[in-house]
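Observations on the model geometry
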Amino acid sequence: MAENENIKNGVIFNLGAKNDALAQYFVGQSYLNTLVSDPEVNVTVGNVTFEPGCRNNWHIHRAGYQILLVTGGTGWYQEEGKPAQYLVPGDVVVTHDGVKHWHGATQDSWFSHIAITAGAPEWLEPVSDEQYQSLKK
C-alpha cells in the first residue's frame, strides 16, 4: 500500500475529478479541484493531487508565476539546473516567471498541493523515468 493513501479522500479540500484536460502533460494520474477560476481575478487556485509516481512535465509559466502550498503527502519540485527539492506538508514553493520546472509525488506516496497560478503554462518534455527514479529522499 502506498504512503499517505488517505489523501485520496481529500486533505483540506476535496480530491476533485481526474485531471483529464491536462493528462497529456502528466506521467501518471492527477486530480484537480479548481477552487478559484474567476475572469475578474488574475490567478487561478486549484487543489492538485498526484497518485504515487505521478508528476507533471517540465513547464514554464509565461507572464506570471506559480505558488505551491504543500498540504499532504510527499513530493518533488525541481527547477532546471538545480537539485530536486523533497516536499512535505507545510512547504511553500515560489516559481517565478520564465523558470523551467516540474513537480509531483514521490514514487511511494500520494501528494497534494494548492497551486496559485498567474499566466499561462508552456508545457514541455516529460521528466524521464531515469531522472525521476534516481531521486532520493
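Preceding this section is the structure that the text describes.
Values in this document were obtained by computation on a predicted structure and should not be read as measured data.

All right, on to the overall build of the protein chain then. Broken down by element type, the protein chain carries one helix and eleven strands. What you see in the protein chain, going N to C, is helices and strands ordered as β-β-β-β-β-β-β-β-β-β-β-α. Relative to the 2.2 N^0.38 estimate, which gives 14 Å for 137 residues, the radius of gyration of the protein chain is 14 Å and therefore close to what a compact globule would have. A principal-axis box enclosing the C-alpha atoms of the protein chain has dimensions of 45 × 35 × 25 Å. In the protein chain, 71% of the contacts between residues at least 6 apart in sequence involve partners at least 24 apart. Charged side chains in the protein chain number 8 positive and 15 negative. The centres of these two groups are separated by 5 Å.

For the rest of this paragraph, the subject is the nonpolar core. If you look at the biggest cluster of nonpolar residues, it comprises twelve residues: F26, V48, F50, C54, L68, V70, Y77, L87, V93, A105, F111 and A115. The set of elements that each furnish at least two residues to this core consists of β4 (44-50), β6 (59-73) and β11 (111-123). Leave out the neighbours within four places in its chain, and L87 touches V70, G73, T74, G75, W76, Y77, V93 and F111. Membership of the second largest hydrophobic core comes to six residues, among which are W58, W102, V127 and L135.

Counted under the stated rule, the structure contains six salt bridges. In this structure, K100 engages E80 in a salt bridge whose closest nitrogen and oxygen atoms are separated by 3.5 Å. Of this pair, K100 sits in the loop between β9 (92-95) and β10 (101-105) while E80 sits in the loop between β7 (75-79) and β8 (85-87), and the two are 20 residues apart along the sequence. According to the relative accessible area criterion, K100 is buried, its value standing at 17%.

The tally for this structure, following the rule as stated, stands at seven aromatic pairs. Here the aromatic rings of F26 and W123 are separated by 6.1 Å at their centres, their planes lie at 45°, and the arrangement is tilted. Taken as a pair, F26 in strand β2 (residues 26-27) and W123 in strand β11 lie far apart in primary sequence, 97 residues in all. When the ring centre of Y132 is taken as reference, the NZ or CZ atom of R55 above it lies at 4.2 Å. Its guanidinium or amino end placed over the ring of W58, K100 lies 5.5 Å from that ring's centre, counting from NZ or CZ.

With respect to the secondary-structure elements, H103 resides in strand β10. Exposure remark for H103: the relative accessible area of 3% places this residue in the buried category. Looking at H103, its side chain comes within polar contact range of the side chain of Q66, at 3.1 Å. Polar contacts involving the side chain of H103 include one to the side chain of H113, which spans 3.1 Å. Apart from the residues lying within four places of it in its own chain, the contact partners of H103 are F50, R55, N56, H59, Q66, L68, W76, Y77 and H113.

Reading the values: the criteria
Residues numbered from 1 in each chain as written. Predicted model: local features only at pLDDT ≥ 70, side-chain atom pairs only at ≥ 80, totals over all residues. Heavy atoms only, no water. Helix = DSSP H or I, 4+ residues; strand = E, 2+ residues; numbered from the N terminus. Rg over C-alpha atoms; globule rule 2.2 N^0.38 Å. Contact = heavy atoms within 4.5 Å. Lys, Arg positive; Asp, Glu negative; His and termini not counted. Charge placed at Lys NZ, Arg CZ, Asp CG, Glu CD. Core = buried A, V, L, I, M, F, W, Y, C linked by side-chain atoms within 4.5 Å. Buried < 20%, exposed > 50% of the residue type's maximum accessible area, 1.4 Å probe, protein only. Salt bridge = Lys/Arg side-chain N within 4 Å of Asp/Glu carboxyl O. Phe/Tyr/Trp six-rings, centres within 6.5 Å; stacked < 30°, edge-to-face > 60°. Lys NZ or Arg CZ within 6 Å of the ring centre and 35° of its normal. Polar contact = N/O pair within 3.5 Å; in protein donor to acceptor, adjacent residues only side chain to side chain.

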